[in-house]
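Reading the structure
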Amino acid sequence: MTRSWRSRPRRQYAAAPPTMWRRLADYGLTIVILGLLILVAARLDQAQTRRTAGVAFVNDGDSIRLGGERIRMRGIDAPEYTQACRRNGADYACGTLARLSLVRLIAGGPVSCTGWRRDRYGRLLGDCTAADGNNLNRAQVEAGWAVAYGDFEKEEARARAAKAGIWAGTFDRPRDWRDSHPAAITERQRGSLAQWGDILRDVFRFW
């Protein structure tokens with residue numbers, strides 16, 4: 001005697017809709033993953049330090065151009081090229097003198113800069129070194145022609161105590177001056193002829 005077995009239809013179970021807490025947990029996990037990806041991308045960008053070197057064309061006291069790369073010197077802030085300061089009761093072109101100070105430090109030799117971040121104008125935030133190994137960022141602050149801007153506070157304190165550069169009189173912090181002069185030119189391009197003129201002017205000490 002044989003028995004016939006008829007397969008019973010399997011029951012279909014509908015998936016329960018996710019609860020509010022489950023959805024919140026999923027959203028939280030997504031945010032954490034995205035945050036980790038952003039951190040990893042930032043670390044990779046930091047690891048890819050950019051190095052550039054060559055003949056420097058000085059725009060102002062804290063920005064130069066090396067070939068096609070615009071460099072904003074990290075950790076300092078120099079008076080803008082058109083900025084005026086006050087000394088002995090009279091205004092003087094401290095922005096021009098800040099630029100000339102950087103020209104003197106470079107002395108016509110090659111400059112090398114390294115950095116990994118850029119500012120809002122697309123300029124590389126760099127630490128720059130002259131041909132003699134002198135750190136130009138630090139030297140500008142020590143000479144009193146730039147203020148500390150996230151670094152070099154000790155150098156600024158020494159320049160202020162010695163009344164060097166802009167510390168010999170009164171001045172608006174470059175950042176404050178830019179805020180009060182939004183229409184002013186804050187980055188001045190200089191050609192090769194002007195660069196050689198600056199070098200000759202420095203040689204003969206003709207200001």
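Here's a quick rundown of the structure. (Residues numbered from 1 in each chain as written. Predicted model: local features only at pLDDT ≥ 70, side-chain atom pairs only at ≥ 80, totals over all residues. Heavy atoms only, no water.)

1. Topic: the environment of Gly150
As for its position among the elements, Gly150 is in the loop between strand S9 (147-148) and helix H4 (153-161). For the pair Gly150 and Asp77, spaced 73 residues apart in sequence, the C-alpha to C-alpha distance is 9.2 Å. (Helix = DSSP H or I, 4+ residues; strand = E, 2+ residues; numbered from the N terminus.)

2. A look at the pattern of salt bridges
Scanning the model with the defined rule gives 14 salt bridges in all. Close ionic contact of Glu142 with Arg158 constitutes a salt bridge, the shortest N to O distance being 3.9 Å. One end of the pair, Glu142, is in helix H3 (residues 136-142); the other, Arg158, is in helix H4, with 16 residues separating them in the sequence. Here the residues in one salt-bridge network are Asp62, Arg72, Asp77, Glu80 and Arg178, joined through shared partners. (Salt bridge = Lys/Arg side-chain N within 4 Å of Asp/Glu carboxyl O.)

3. Quick notes on H4
One turn of the α-helix equals 3.6 residues, which is why residues spaced by three or four share an orientation. Within H4, the full set of buried residues consists of Glu155, Glu156 and Ala159. One side of H4 carries all its buried residues, which in axial view fall inside an arc of 100°. Within H4, the exposed residues directed more than 90 degrees away from the buried face are Lys154 and Ala161. For H4, the elements touching its buried residues are H3 and S9. Lys163 sits one or two residues past H4 and shows a positive phi near 55°. (Buried < 20%, exposed > 50% of the residue type's maximum accessible area, 1.4 Å probe, protein only. Arc of directions from axis to C-beta. Contact = heavy atoms within 4.5 Å.)

4. Some details on the state of the cysteines
Considering all chains together, one arrives at two disulfides under this definition. At a sulfur-sulfur separation of 2.1 Å, the disulfide partner of Cys113 is Cys128. Looking along the S-S bond of the Cys113-Cys128 disulfide, the torsion reads about 110°, which is the right-handed sense. Of the two residues, Cys113 is situated in strand S7 (residues 110-118) and Cys128 in strand S8 (residues 124-129); the sequence distance between them amounts to 15 residues. The same class applies to Cys113 and to Cys128, which are both buried. Among the cysteines of the protein that take part in disulfides, numbered as they appear in the sequence, the pairing is 1-2, 3-4. (Disulfide = S-S within 2.5 Å.)

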